[in-house]
Number of protein chains: 2
Amino acid sequence: MGDKGNLIIGQSGGPTMVINQSLIGAVFEALKYDEIEGIYGMQNGVQGLLEEKIVDLRKESKETLEKVASSPGAALGSCRYKPSKEDCEKIFNICKKYNIRYFFYIGGNDTAETANILNEIATEANYELRIFHIPKTIDNDLRETDHCPGYGSAARYVSLLFKGDNLDNLSLKGIKLNIVMGRNAGWLTAASALAREKEGDGPHLIYVPERPVSMDKIVNDIDEVYKKYGRALVAVSEGLRNTDGELMLKSKLTEKDAYGNVQLSGSGALGDFLASEIKARLGGKLRVRADTLGYAQRSFFGVVSEVDAREAREVGAAAVKYAMKGEMRGSVIIKRTGNGKNYAVETGFTQLEKVARVTKDLPDEFIKGENDITDAFIEYATPLVGKLPQTGRLNFYSIK
Amino acid sequence: MGDKGNLIIGQSGGPTMVINQSLIGAVFEALKYDEIEGIYGMQNGVQGLLEEKIVDLRKESKETLEKVASSPGAALGSCRYKPSKEDCEKIFNICKKYNIRYFFYIGGNDTAETANILNEIATEANYELRIFHIPKTIDNDLRETDHCPGYGSAARYVSLLFKGDNLDNLSLKGIKLNIVMGRNAGWLTAASALAREKEGDGPHLIYVPERPVSMDKIVNDIDEVYKKYGRALVAVSEGLRNTDGELMLKSKLTEKDAYGNVQLSGSGALGDFLASEIKARLGGKLRVRADTLGYAQRSFFGVVSEVDAREAREVGAAAVKYAMKGEMRGSVIIKRTGNGKNYAVETGFTQLEKVARVTKDLPDEFIKGENDITDAFIEYATPLVGKLPQTGRLNFYSIK
């Protein structure tokens, strides 16, 4: 058991559809312990904490917390702020000032890094501050964990979108590209494969950052698919790389975020570039369209994977449990203990430094050639996304 | 009662999430009449019919038809083909060859025009061919009808997307533009207003084609909102016009469809253009993002307005009923007979020439100034979209 003291929790990075499940899971768990006095929230993550923007979560009704849990966005506000060493010293002093003994930070690998630095400062100062990173990311690219809360719901949205777009593309044939989020890893783009129900269904081609590809190859692939089916539905990661290993649109993209990452989302540039290249090379009369799926992948209201929502809440609760059991620090992970119809998970935790900074690509066994995804990936992702509705098709019976 | 003969039905133009409800509504109704022998489908509308691509819908199981009804896309295949007078003569001869006496065409105003021309030929030849246009369009811009099947579901998707994006934008503040479908009319863009739940919720600004606007005005509007809320969520119609009444991106857009309409969808150009203009004028450090909502607005699988689905089926059935009652031609319309909690509709029909070619803008009473939508629109659109889930928010209670 820890000392009596206050708990603080914050949210960082891009929101997900279930990031508030983790927040509320942690709050509900915290309410069970007498050692935890105040249950505080940072507004806008560590950026708000630096300005002592701290709110009282104990005063929220259970009903409000449940409604927040099922809403997208980061209810506490988020930030993309990478604290300097000096900032971390300041945060540490704020923790001391408010007698904060339990510190939880929901976010991606950058967030884990912040938690790690803060942990080092507290340890050096011999101040008992239990710090846990609670994972979230639609990118699913955190190490150590089987998968990340937030991914299943984003993958469900992408799958449903591709199911509908496949029927749209069957109705009015042409070449359709959909640009999917994923700067470094193709996890979310790969989820488009879950949309396939029948032979001939799209996406017919899936390009992920893990497999650099030339424009010639893309054009030839599409040409082949088009000759076979009279149409082509193509999934492309926003982080698509050319054979030099560079972003397809590198020269055009100059804006970087606080972590030095190039800005890819919130722009239709890659899709428009690819569409015009394909059109120019395959013939001007072809119907080529590109949609860039956008922020709805992480924030659409009304499409959530039930499994993802449940696990996100469990992961939030688990962080508090570990801290209350006496663990000083860590990053919560999900371990898969059963697959397919027997899908089951349990939570665990790992060292912060194993999660901080690094990312996890799609492994080779999930990628087929340069333009497709394997059955092993389908098996991996299916339980995370949940049961998907099936579309209906006419049989086109002859009138004779 | 008509002569014994065969019925044919086809789908045209951009699909909707409920266009198959109309198809299946017509088929189920047709099954009730002994005078109707064959129940045929055109593959890919009149374009397929010209090649005698005709399928037998009687052979489909009820279960298949029900699954098709609840799937997006045009199950028979669609087309954007505008038949010439010569084509219409050929179609007429195919109707005679197959003893087709009942002709139903599901589509927008271009589709009504095709039906109208075909009707004139049949009348001149003294051939009894009953022709009905069954309306569909996510654009909601058909005349005579209170609203169009397909609109409610697309509007529901847009509303849910904006609800989520509003929370996303609250989490990580900045300027966010969402480009919504609607070439000539702002109906779908206006539906973004249904996302608002509380004071300060986005969309904060809504630009529709009915109100031409200068870039200066847009930039000033956004600047004001940003100063007030520290963020701005903006809905923009793809058909946005400048103060000369021209499309904002006219010079860049050269591709036209078969009806001479400029191609606007399937490209991120307008959003990217606006985002870079705003960024340049308001300061380079601002976080400005643009998403172009894309084909998911008409084809996403899993978000349907129940009211829209039901009405789309009724409209399909109504077309067959009118034809069997002896009406020779017409376009089915929806009349609103009750509003608010007493929302109710009945079907009717009007002359084809009243629907063909022309479109219906947002009326003045639905538009507030140059950048917003009125409560009268909210009242109009709410029943079409159906009950929307409400998001949860923290109260940000002070810890003192």
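Quick summary incoming for the structure in this document.

Cut-off values and rules
- Residues numbered from 1 in each chain as written.
- Chains lettered and ligands numbered in written order.
- Predicted model: local features only at pLDDT ≥ 70, side-chain atom pairs only at ≥ 80, totals over all residues.
- Heavy atoms only, no water.
- Helix = DSSP H or I, 4+ residues; strand = E, 2+ residues; numbered from the N terminus.
- Buried < 20%, exposed > 50% of the residue type's maximum accessible area, 1.4 Å probe, protein only.
- Axes fitted to C-alpha atoms, helices over the stretch in contact; angles between N-to-C directions.
- Parallel < 35°, antiparallel > 145°, perpendicular 65-115°, else oblique.
- Left-handed = near helix turned anticlockwise from the far one by under 90°.
- Contact = heavy atoms within 4.5 Å.
- Nonpolar A, V, L, I, M, F, W, Y, C, P; charged D, E, K, R; others polar.
- Polar contact = N/O pair within 3.5 Å; in protein donor to acceptor, adjacent residues only side chain to side chain.
- Buried area = accessible area lost by both parts, 1.4 Å probe.
- Salt bridge = Lys/Arg side-chain N within 4 Å of Asp/Glu carboxyl O.
- Pairing = 2+ DSSP bridges.
- Core = buried A, V, L, I, M, F, W, Y, C linked by side-chain atoms within 4.5 Å.
- Phe/Tyr/Trp six-rings, centres within 6.5 Å; stacked < 30°, edge-to-face > 60°.
- Lys NZ or Arg CZ within 6 Å of the ring centre and 35° of its normal.
- Least-squares fit on C-alpha atoms with pLDDT ≥ 70 in both.
- Right-handed = clockwise from strand over helix to strand, strands pointing away.
- Patch = residues over 30% accessible without salt bridge, like charges linked within 9 Å, V, L, I, M, F, W, Y side chains within 5 Å.
- Areas by Shrake-Rupley, 256 points an atom, 1.4 Å probe, with all protein chains shown as cover.
- Lys, Arg positive; Asp, Glu negative; His and termini not counted.
- Charge placed at Lys NZ, Arg CZ, Asp CG, Glu CD.

1. Observations regarding unusual backbone geometry
Residues and elements named next belong to chain A.
Now for step 1: Cis geometry marks the peptide bond from G202 to P203; its omega dihedral reads 5°.
Now for step 2: Position of P203 relative to the elements: it lies in the loop between helix 7 (187–190) and strand 7 (205–207).
Now for step 3: Even without being glycine, N44 reaches a positive phi, approximately 60°.
Now for step 4: Accessibility expressed as a relative area gives 24% for N44, which makes it partly exposed.

2. Let's talk about the packing of helix 4 (residues 85–97) of chain A against helix 5 (residues 109–124) of chain A
Residue and element names in this part refer to chain A.
Now for step 1: Between helix 4 and helix 5, whose axes approach to 9 Å, the crossing angle comes to 60°. The angle between the axes of helix 4 and helix 5 places the two elements in the oblique class. Judged by the sense of rotation from one axis to the other, the crossing of helix 4 with helix 5 is right-handed. Residues K85, C88, E89, I91 and F92 of helix 4 pack against I117, L118, I121 and A122 of helix 5.
Now for step 2: Of the residues assigned to the contact of helix 4 with helix 5, the class counts are seven nonpolar, no polar and two charged.

3. Quick look at the side chain of S331(B)
Residues and elements named next belong to chain B.
Now for step 1: Turning to its location among the elements, S331 is positioned in strand 10 (residues 329–338).
Now for step 2: At a separation of 2.8 Å, a polar atom in the side chain of S331 contacts the side chain of H133.
Now for step 3: Look past the residues within four positions of S331 in its chain and what remains in contact with it is F132, H133, G348, F349, T350, L352 and V355.

4. Brief notes about the interface of chain A and chain B
Now for step 1: Taken together, the contacts link 73 residues of chain A with 73 residues of chain B.
Now for step 2: Both faces combined, the contact of chain A with chain B buries some 5800 Å², and carbon together with sulfur accounts for 57% of it.
Now for step 3: A per-residue breakdown of the area chain A buries against chain B is headed by F301(A), L394(A) and I399(A), which together make up 13% of the total.
Now for step 4: Joining chain A to chain B, the criterion identifies two salt bridges.
Now for step 5: Close ionic contact of D168(B) with R298(A) constitutes a salt bridge, the shortest N to O distance being 2.7 Å.
Now for step 6: Run the count over chain A and chain B and you get 27 residue pairs in polar contact (both at pLDDT 80 or more).
Now for step 7: Mapped onto the side of chain A that touches chain B, the elements with two or more residues apiece are strand 3 (54–56), helix 3 (62–69), helix 6 (151–171), helix 9 (269–282), strand 9 (288–292), helix 10 (296–299) and strand 14 (397–398) of chain A.
Now for step 8: No other element matches the nine residues that helix 6 of chain A contributes to the side of chain A that touches chain B.
Now for step 9: Looking at side-chain class alone, the side of chain A that touches chain B contains 31 nonpolar, 24 polar and 18 charged residues.
Now for step 10: Taken together, the two bridges between strand 14 of chain A and strand 3 (residues 54–56) of chain B define a ladder with antiparallel strand orientation. Across the sheet, Y397(A) pairs through a bridge with D56(B), a residue of strand 3 of chain B.

5. Let's talk about the pattern of salt bridges
All names here are of chain A.
Now for step 1: Applying the stated criterion across every chain, the model contains 42 salt bridges over all chains.
Now for step 2: Residue E197 pairs with R393 through a salt bridge whose shortest N-O separation is 3.8 Å. Taken together, the positions of E197 in the loop between helix 7 and strand 7 and R393 in the loop between helix 13 (375–385) and strand 14 put the pair 196 residues apart, joining distant regions of the chain.
Now for step 3: A salt bridge links D223 to K227; its shortest N-O distance comes to 2.9 Å. Separated by four residues within a single helix, D223 and K227 lie in helix 8 (residues 215–229), roughly one turn from each other.
Now for step 4: Residues joined in a network through salt bridges with shared partners are K163, E197, D201 and R393.

6. Overview of the nonpolar core
Now for step 1: Membership of the largest hydrophobic core comes to 90 residues, with the highest contact counts inside it found for F300(A), F377(A), F300(B) and F377(B).
Now for step 2: Apart from residues lying up to four places away in sequence, F377(A) is in contact with Y151(A), W187(A), A190(A), A191(A), L362(A) and F366(A).

7. So, the packing of aromatic side chains
Residues and elements named next belong to chain A.
Now for step 1: The tally for this structure, following the rule as stated, stands at 27 aromatic pairs over all chains.
Now for step 2: Between F366 and F377, the aromatic rings sit 5.7 Å apart at their centres with planes inclined by 75°, giving edge-to-face as the arrangement. In this pair, F366 sits in the loop between helix 12 (352–355) and strand 12 (367–368) while F377 sits in helix 13, placing the two residues eleven residues apart along the sequence.
Now for step 3: In this structure F377 comes out as buried when scored by relative accessible area, which is 0%.
Now for step 4: One aromatic cluster is present, formed by F104, F132, Y322 and F349 through successive ring pairs.
Now for step 5: The side chain of R298 reaches across the aromatic face of Y295, ending 4.2 Å from its centre.

8. Regarding the relation of the copies chain A and chain B
Now for step 1: The transform that puts chain A on chain B rotates by 180° and translates by 0.0 Å along the axis, for an RMSD of 0.0 Å. The transformation relating the two chain copies, once decomposed into turn and shift, fits a two-fold axis. Closest to the rotation axis within chain A is the C-alpha of G268(A), separated from it by 2.2 Å.

9. Looking at the pairing of strand 4 (residues 100–107) of chain B
Residues and elements named next belong to chain B.
Now for step 1: With eight of eight residues buried, strand 4 is to be regarded as a mostly interior element.
Now for step 2: As defined by bridge partners, strand 4 adjoins strand 5 (residues 130–135) across six bridges and the pair is classed as parallel. Looking at the pairing, I106 lines up with I134 of strand 5.
Now for step 3: The parallel pair strand 4 and strand 5 is bridged by helix 5 (residues 109–124), and the resulting crossover is right-handed.

10. Some points on the pairing of strand 6 (residues 175–180) of chain A
For a regular strand, side chains alternate in direction, first toward one face of the sheet and then toward the other.
Residue and element names in this part refer to chain A.
Now for step 1: For strand 6, the buried fraction is high: six of the six residues fall into the buried class.
Now for step 2: Relative to strand 8 (residues 232–237), strand 6 runs parallel, the two sharing six bridges. Note that in strand 8 the partner of K176 across the bridge is L233.
Now for step 3: Sheet analysis places strand 6 next to strand 9, joined by five bridges and oriented parallel. Looking at the pairing, K176 lines up with R289 of strand 9.

11. Looking at a negative patch on the surface
Residues and elements named next belong to chain A.
Now for step 1: Taken together, the side chains of E86, E89, E120, E124 and E353 define an acidic patch exposed on the protein surface.
Now for step 2: Contributions of two or more residues to the negative patch are made by helix 4 and helix 5.
Now for step 3: Tracing the backbone shows E89 in helix 4.
Now for step 4: When its relative accessible area of 36% is taken as the criterion, E89 is described as partly exposed.

12. Remarks on the environment of F366(B)
All names here are of chain B.
Now for step 1: Judged by its relative accessible area of 9%, F366 falls in the buried class.
Now for step 2: As a C-alpha pair, F366 and K228 span 138 residues in sequence and 25 Å in three-dimensional space.
Now for step 3: With near-sequence residues (within four places) excluded, F366 lies in contact with W187, I373, T374, A376, F377 and Y380.

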